[in-house]
Amino acid sequence: MALDAELARFGEHGIDAAMSLIVFDESAEATLVASLTEKPWDVVVVGGGIRKTEPLLPLFEQVVNLIRRHAPQAAIAFNTSGGDSVEAAQRWL
């Protein structure tokens, strides 16, 4: 799976990382809050699948605001695809 490969790339660069997949339903907030409060994150990368899909605009807004609320110390980065999340994070590390 492409996401697993990208997560492995974080490890190859010596970056401790985790991924959380969320869906636009009642579970989104709880899933994201659990991930954001797991530990203090330096950067949170928001994927293009949420940002680039107009019907998901409310979810994108929710994600950004939850990051601000539950991981205020973290920079927020945006990838262009699932294959450049490492580079997106590195811009802020």
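What you see is a predicted model; the values in this text were computed from it and never measured.

Help me get a handle on helix 2 (residues 28-36), residues and values and all.
When we look at burial in helix 2, the residues that qualify are A28, L32, S35 and L36. Down the axis of helix 2, the sector holding all buried residues measures 95°, keeping them to one side.

How would you summarise the pairing of strand 2 (residues 75-78) if you had to cite specific residues and measurements?
Only one face of strand 2 is buried: it carries A75 and A77, and the other face, with I76 and F78, is open. In this sheet, strand 2 lies alongside strand 1 (residues 43-46) in parallel orientation, the contact comprising four bridges. Pairing of V43 across the sheet is with A75, part of strand 2.

Tell me about the environment of I22, and name the residues and values.
With respect to the secondary-structure elements, I22 resides in the loop between helix 1 (2-12) and helix 2. Here I22 falls in the buried class, since its relative accessible area comes to 19%.

Got a sec to walk through the pattern of salt bridges? Specific residues and values, please.
Using the criterion set out here, one finds three salt bridges in the structure. For R9, the salt bridge identified is with E87, shortest N-O distance 2.4 Å. Of this pair, R9 sits in helix 1 while E87 sits in helix 5 (residues 85-90), and the two are 78 residues apart along the sequence. The shortest N-O distance in the salt bridge between D16 and K39 comes to 2.0 Å. Of this pair, D16 sits in the loop between helix 1 and helix 2 while K39 sits in the loop between helix 2 and strand 1, placing them 23 residues apart in sequence. Via salt bridges that share partners, E6, R9 and E87 belong to a single interconnected network.

Any chance you could break down the side chain of N79 for me, citing the residues and the numbers?
Along the polypeptide, N79 turns up in the loop between strand 2 and helix 5. A polar contact of 3.0 Å, which involves the side chain of N79, links it to the backbone oxygen of S81. In this structure the side chain of N79 is engaged in a polar contact, spanning 2.8 Å, whose partner is the side chain of S85. Setting aside its immediate chain neighbours within four residues, N79 contacts V45, V46, G47, G48, R51, D84, S85 and A88.

If you had to explain the packing of helix 2 against helix 4 (residues 57-70) to someone new, which residues and values would you point to?
Across the interface, helix 2 lies against helix 4 with an axial gap of 10 Å and an inter-helix angle of 35°. Handedness of the helix 2/helix 4 crossing: right-handed. Contacts between helix 2 and helix 4 pair A28, E29, L32, V33 and L36 from the former with L59, Q62, V63, L66, I67 and H70 from the latter.

Reading the values: the criteria
- Residues numbered from 1 in each chain as written.
- Predicted model: local features only at pLDDT ≥ 70, side-chain atom pairs only at ≥ 80, totals over all residues.
- Heavy atoms only, no water.
- Buried < 20%, exposed > 50% of the residue type's maximum accessible area, 1.4 Å probe, protein only.
- Helix = DSSP H or I, 4+ residues; strand = E, 2+ residues; numbered from the N terminus.
- Arc of directions from axis to C-beta.
- Pairing = 2+ DSSP bridges.
- Salt bridge = Lys/Arg side-chain N within 4 Å of Asp/Glu carboxyl O.
- Polar contact = N/O pair within 3.5 Å; in protein donor to acceptor, adjacent residues only side chain to side chain.
- Contact = heavy atoms within 4.5 Å.
- Axes fitted to C-alpha atoms, helices over the stretch in contact; angles between N-to-C directions.
- Left-handed = near helix turned anticlockwise from the far one by under 90°.

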